[in-house]
Amino acid sequence: MAQQYTKKMIRDMCIKMLNERPLNKITVKDIVKACDINRNTFYYHYPDIYAILSEIFQSELQNAIDEYNDTLSWEEGFLVAAKFAVENRRAVYHVYNSMQREELENYIFSVAGNVMYRYVERESEGIQASTKDKKLIASFYQCALTEMVLRWIGSGMKEDPNVIIRRIGELFDGHITLSLKRSGKLNF
């Protein structure tokens, strides 16, 4: 129990610091001092700051998967999944502009994939579409959504994510279902 408390405290402090300054300006010494723990305690839980980031993104991905409700539209599902990024814009922006950008990209790609695969699966009920086609359609929208989110982050996240996601949803509207219906008619 105490171990989980300490890990959470270290994680929370890392997020707090990332919301204040770039990743390359955060040291283990800073985290240890702010948490009032010794270096050995930090290294007992994490080999380095990058491991904290990896755990944060894995934990947030799991939260997104757990919170996703099959009755939600893909837009609502993605916004639920992106809650961490919206609540920690500066931290996400700092990770985006760091050497650990790949962790963030993988997180967004995984969230987008989870949301889109589940949505395509739900939309394909009653439609004769092959598993291969469903995966291809979901993958296409996963890549498009990931790139749009990365561009939003890269531009400083000034626009309201709700507006952006809903607009993308309007543009996608009906196209996923139409693609699924067409895939059932195509023979290669």
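Before reading on, note that the structure itself is shown above.
The following paragraphs examine the structure supplied in this document.

Cut-off values and rules
- Residues numbered from 1 in each chain as written.
- Predicted model: local features only at pLDDT ≥ 70, side-chain atom pairs only at ≥ 80, totals over all residues.
- Heavy atoms only, no water.
- Helix = DSSP H or I, 4+ residues; strand = E, 2+ residues; numbered from the N terminus.
- Buried < 20%, exposed > 50% of the residue type's maximum accessible area, 1.4 Å probe, protein only.
- Contact = heavy atoms within 4.5 Å.
- Areas by Shrake-Rupley, 256 points an atom, 1.4 Å probe, with all protein chains shown as cover.
- Lys, Arg positive; Asp, Glu negative; His and termini not counted.
- Charge placed at Lys NZ, Arg CZ, Asp CG, Glu CD.
- Core = buried A, V, L, I, M, F, W, Y, C linked by side-chain atoms within 4.5 Å.

Concerning the overall build of the protein
Thinking step 1. Scanning the protein for helices and strands turns up 11 helices and 0 strands.
Thinking step 2. Its helices and strands in sequence order give the protein the pattern α-α-α-α-α-α-α-α-α-α-α, from N to C terminus.
Thinking step 3. Among the 188 residues that make up the protein, the fraction classed as buried is 43%.
Thinking step 4. Contacts in the protein between residues far apart in sequence, at least 24 positions, make up 73% of those at least 6 positions apart.
Thinking step 5. For the protein, the exposed surface amounts to about 11,000 Å²; the carbon and sulfur share of it is 51%.
Thinking step 6. When the 25 basic and 25 acidic side-chain charges of the protein are each reduced to a single mean position, those positions are 4 Å apart.

Brief notes about the nonpolar core
Thinking step 1. Membership of the largest hydrophobic core comes to 59 residues, with the highest contact counts inside it found for Ile31, Phe42, Trp74, Phe78, Leu104 and Ile153.
Thinking step 2. Looking at this core, the element that brings in the most residues is helix 8 (residues 101-123), giving 9 residues.
Thinking step 3. Ignoring anything within four residues of it in the chain, the contact list for Trp74 reads Val115, Met116, Tyr119, Leu145, Ile165, Ile168, Gly169 and Phe172.

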